[in-house]
Structures are given as structure tokens and as C-alpha cells.
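Close look at the chain arrangement
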Amino acid sequence: KVTPERVKEIEREIRHDVMALVKAISEVVDDEVARWVHFGATSNDITDTAVATQLRDSLKILELKLKRLIELFVRKALEYRDVVCLGRTHGQPALPTTYGFRFAVWASELARHYIRLQQMKDRLLVGQMSGAVGTQAGFGRDGIEIEEEVMKLLGLKPAIISTQIIPRDIYCEYVEFLANLATTLEKIATNFRILQRGEVGELMEEFGKKQVGSSTMPHKRNPIDCENICGIARVVRGFVEPQHQSSILWEERDLTNSSAERIILVEATVLTDHILTKMIGVVERLKLDFERIRENLERLKGLNLSEAVMIVLTKKGLSRQEAHEIVRNASMRAYENDTSLLGELLRDEVVRSYLREEELKELLKPENYLGTAKDRIDIVVEWIRNVVRD
């Protein structure tokens, strides 16, 4: 009986959204009921409490998608547990790692966001029936009981205290959560893009049979979904500062937060949901090029195993610093001469006095220098399964 059109018609006359709704409701109920509509309440008792119900529903959707994404990353961590690959630091070749280890790192970060989401609910999902300045004067001594009953009906908790509005620090926490989650998604998407670069080529975002990468270069296969995630994540982070500004209000309140929050809370939520969905699709259809992974791992001819040799030389009697310098010099010669680290090490008399050729060959096998990488994957998977439950 109360239509949006009628509410908008009244609002055009009186320029107050909640009062327009109050008048529209009062028009369609009998007089005895009408006189109690909005009794003792203020506008933000309605709007802030309504926002809490929206946030509750939004968190349910975000939680489901986040769990789905975590499950996918756990699955990939186990699937690629033994896929040895070249680790990189500063964009340069480093020690070997495994693709399973990489996915376990990303899965653990997503799981921490899941934990944050659960912890945030208790602070975020609160409503109020507090009146004009928060004192519940319109309700008299029954104010606390009335507020508790209303929140019980709505499935919310009463705010511990509020003025005319619920304190905005809880909205800041929510937007910060979205920005933090979006940043993790951008971080992962950025790494996917780096690993898809032509010079690396170790994995690829799925490219459809009829998909077009460029209007002028027919050969292009661009990581468009990952780029989309990265771009939108930056927009989500951009909402953090205006939401913080919306917390800085005069006395019991002013209205500077209202217009901004109507954009911030909706857009930040929708965009984060969107890139969560995008990332789920990317991971579900991700392709790994195992031959290229091995090729990149072996391209340096053992140089990325220099630490393994240094560690063993130290264990056999050299000082750590002396071993480092010997292996560093051999590595630099290998770079300059485009030779293998094995060959340069065998030319060093000190190295030969400690290690036989067969020992060096074993040390320079990537699969022999993974430390606890696989154990760590198992630890992460077990931890995630304990904290991310139905």
C-alpha cells in the first residue's frame, strides 16, 4: 500500500526522505495506528538500523564467495604441492619454491580475511532506537527495553551507546575490511599477470576460443580479468578516506556523512563482491605451463641453487662468509661467461677440496633444496580447514 512513487512525491514537497516515508505510512493506516508511527524515534534509528540489516545480508554473500575462493586456493595448493618452480625476489631469480607453496601463501591471506569477517560481525551488526540525541527521552524509562525488543525482531544487537547516529568507526572497519580484501585480490591478480608475461609464461588466465585480445594485434591474449580486478581494487581502497572523514561529525551529529555513505557503503560492497566473483572464475580456469615452469627453473644453469652450496661448504668447515664469497665469485663468472655454476665451482680448488662432482650435482637439483615447503603447505591447509568451517 505504501509505494515508492508516493514516498518520492511527498519527499519532493518536504525534502526529507524518512519523514516522507512516515507520512506515506500514516496515510494508509487508521488514525489510531497513524499517531504512533515513528513515535519517539529519529530518522537514523530507521536508516542506520536498516543499513545494519543490509550489511548483514551483504556479509552473507561475501562470506560464501570468500569461502569458495579459499577452497579453490587450498585445492590448488595441494594439486601443485610438488610442482617445483623458480622463486623470485626483487623480480630476479631466487631459490626454488613450489606452486603449491605460492597458493598456500595466498590461501592463508584469504583465510585471515575470513577470520576478520567473522570477528567484525559482533561490532558491525548493531542497530538503535535511541531518539534525537541518543538519550531515548521520547520513550522514557522504557527506552532500553524497547530498543532491545526492536533489535530482537530484526535479528540485530543494540548498539552499546549511540547519539543520533551509530558511531561511524564500525563503518570504517567495514570499508577497511573491503579495502584489505580487495588489496589481497589485487596482489594475487598482479602476480598472475606477472607470471603470464611473455618472458615468463608459466601460467595463463583462460582465453576463450573466440575471445579477442586486441583490435589491431590478432595474436594478443591479455589477462583482462586480472587487470579488471587490479583496477577495481584501487577504487575500493579509494573509499577508505571518505569513510573516515564521515566519522568526524559535530557533537551528536551533522549531515556530512549521509550523502557520502550512500555511495561508499553500496559501491565498495558491490565492487568487492564483483572482483571476488572475477577471481573465483580466474582460479577455476587457470592454466599452468609445466614445461615452461621447468625451463625457467633450469635456465640459470644452477645459479639459483648457490645458497645450497654455500650452506654445505659452511657445514663442512668453511666460515659462512668465506663460503659466501667463494660461491659468489663462481656465480659472477658463470653470469659473465654464460656457463653453469657447476662448471665454475669445479674450477675452484677450495670447493673441490670439500665437495666431489657428484655431491655438487645433487646440491644443484632444485627438488633437493625445498626445505620445509611441502610440510608448510600441509600445515596451512590443516589450519585453514580448522578456521574456515560451515
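Parameters at a glance
Residues numbered from 1 in each chain as written. Predicted model: local features only at pLDDT ≥ 70, side-chain atom pairs only at ≥ 80, totals over all residues. Heavy atoms only, no water. Helix = DSSP H or I, 4+ residues; strand = E, 2+ residues; numbered from the N terminus. Rg over C-alpha atoms; globule rule 2.2 N^0.38 Å. Buried < 20%, exposed > 50% of the residue type's maximum accessible area, 1.4 Å probe, protein only. Contact = heavy atoms within 4.5 Å. Areas by Shrake-Rupley, 256 points an atom, 1.4 Å probe, with all protein chains shown as cover. Polar contact = N/O pair within 3.5 Å; in protein donor to acceptor, adjacent residues only side chain to side chain. Expected span 1.5 Å × (residues − 1). Arc of directions from axis to C-beta. Pairing = 2+ DSSP bridges. Axes fitted to C-alpha atoms, helices over the stretch in contact; angles between N-to-C directions. Parallel < 35°, antiparallel > 145°, perpendicular 65-115°, else oblique. Left-handed = near helix turned anticlockwise from the far one by under 90°. Salt bridge = Lys/Arg side-chain N within 4 Å of Asp/Glu carboxyl O. Nonpolar A, V, L, I, M, F, W, Y, C, P; charged D, E, K, R; others polar. Disulfide = S-S within 2.5 Å. Core = buried A, V, L, I, M, F, W, Y, C linked by side-chain atoms within 4.5 Å.

Here we look at the overall build of the protein
- Helices and strands together make up the secondary structure of the protein, namely 17 helices and six strands.
- Taking 390 residues into account, the globule formula puts the C-alpha radius of gyration at 21 Å, and the protein, at 30 Å, lies well above it.
- Expressed as lengths along the three principal axes of its C-alpha atoms, the size of the protein is roughly 100 × 55 × 35 Å.
- Sorting the 390 residues of the protein into buried and exposed places 44% on the buried side.
- When contacts within the protein are restricted to residue pairs at least 6 apart in sequence, long-range pairs at least 24 apart make up 73% of them.
- Carbon and sulfur atoms provide 53% of the accessible area of the protein, an area that totals close to 21,300 Å².

Comments concerning the side chain of Gln-164
- Structurally, the position occupied by Gln-164 is in the loop between β4 (157–158) and α7 (169–196).
- For Gln-164, the side chain forms a polar contact with the main-chain oxygen of Ala-132, separated by 2.7 Å.

Regarding helix α17 (residues 373–387)
- The terminal C-alpha atoms of α17 lie 21 Å apart, and with 15 residues this matches the ideal 21 Å at 1.5 Å per residue to within 8%.
- The set of residues buried in α17 consists of Ala-373, Ile-377, Val-380, Val-381 and Ile-384. Looking straight down α17, one finds that the buried residues subtend no more than 100° of arc, so they occupy a single side.
- Among the structural elements, α4 (43–79), β2 (92–98) and α5 (99–124) are those in contact with the buried residues of α17.

Quick notes on the environment of Arg-123
- Turning to its location among the elements, Arg-123 is positioned in helix α5.
- Sequence separation of Arg-123 and Pro-218 is 95 residues, and the distance between their C-alpha atoms is 52 Å.

Comments concerning the pairing of strand β1 (residues 84–89)
- Here β1 pairs with β2 via five bridges, running antiparallel. Following the sheet pairing, Leu-86 is matched in β2 by Pro-96.
- From the end of β1 to the start of β2, which pair antiparallel, there are two residues, and His-90 there has a positive phi angle of about 60°.

Here we look at the packing of α4 against α17
- The N-to-C vectors of α4 and α17 enclose an angle of 155°; their axes lie 10 Å apart at closest approach. Taken together, the axes of α4 and α17 are roughly antiparallel relative to one another. Relative to α17, the crossing made by α4 is left-handed. On α17, the residues that touch Ile-70, Val-74, Ala-77 and Leu-78 of α4 are Ile-377, Val-381, Ile-384 and Arg-385.

What about the pattern of salt bridges?
- Summed over the entire model, instances satisfying the criterion amount to 36 salt bridges.
- The partner of Arg-6 in a salt bridge is Glu-27, and the shortest N-O contact between them spans 2.4 Å. Placement of the pair is Arg-6 in helix α1 (residues 4–14) and Glu-27 in helix α2 (residues 17–28), with a sequence separation of 21 residues.
- Take Arg-6: its relative accessible area is 27%, and that puts it in the partly exposed class.
- Judged by its relative accessible area of 44%, Glu-27 is partly exposed.
- One salt-bridge network, held together by shared partners, links Arg-81, Asp-82, Lys-374 and Asp-378.

Re the packing of α4 against α7
- Closest axis-to-axis distance for the α4/α7 pair is 12 Å, and the angle between their directions is 25°. Classified by the interaxial angle, the pair formed by α4 and α7 is roughly parallel. Here α4 runs over α7; the crossing is left-handed. Taken together, the residues of α7 that come into contact with α4 (itself represented by Asp-48, Val-51, Leu-55, Ser-58, Leu-59, Leu-62, Leu-66, Leu-69 and Phe-73) are Tyr-171, Tyr-174, Leu-178, Leu-181, Leu-185, Ile-188 and Phe-192.
- Split by residue class, the contact of α4 with α7 holds 14 nonpolar, one polar and one charged.

Regarding the state of the cysteines
- In this structure the tally under the stated criterion is zero disulfides.
- Cysteine Cys-226 shares no disulfide, and the gap to the nearest cysteine sulfur, in Cys-230, comes to 6.7 Å.
- Under the relative-accessibility criterion, Cys-230 is labelled buried at 1%.

What to know about the nonpolar core
- One finds Phe-73, Tyr-99, Tyr-174, Phe-192 and Met-279 to be the most contacted residues of the largest nonpolar core, which totals 77 residues.
- Among the elements of the structure, α4, α5, α7, α8 (224–237), α10 (256–284) and α17 are those that each provide at least two residues to this core.
- Tallying contributions element by element places α7 first for this core, with 14 residues.
- If near-sequence neighbours (up to four positions away) are discounted, Phe-192 is found in contact with Phe-73, Phe-103, Trp-106, Leu-203, Cys-226, Met-279, Val-282, Val-283 and Leu-286.
- Counting 22 residues, the second-largest nonpolar core is a separate cluster that includes Leu-300, Leu-313, Val-327 and Leu-363.

Describing the side chain of Glu-261
- Within the element layout of this structure, Glu-261 appears in helix α10.
- Polar side-chain contacts of Glu-261 include one of 2.9 Å to the side chain of Arg-168.
- A distance of 3.2 Å separates a polar atom in the side chain of Glu-261 from a polar atom in the side chain of Gln-243.
- Apart from the residues lying within four places of it in its own chain, the contact partners of Glu-261 are Arg-168, Tyr-171, Gln-243, Ser-246 and Val-266.

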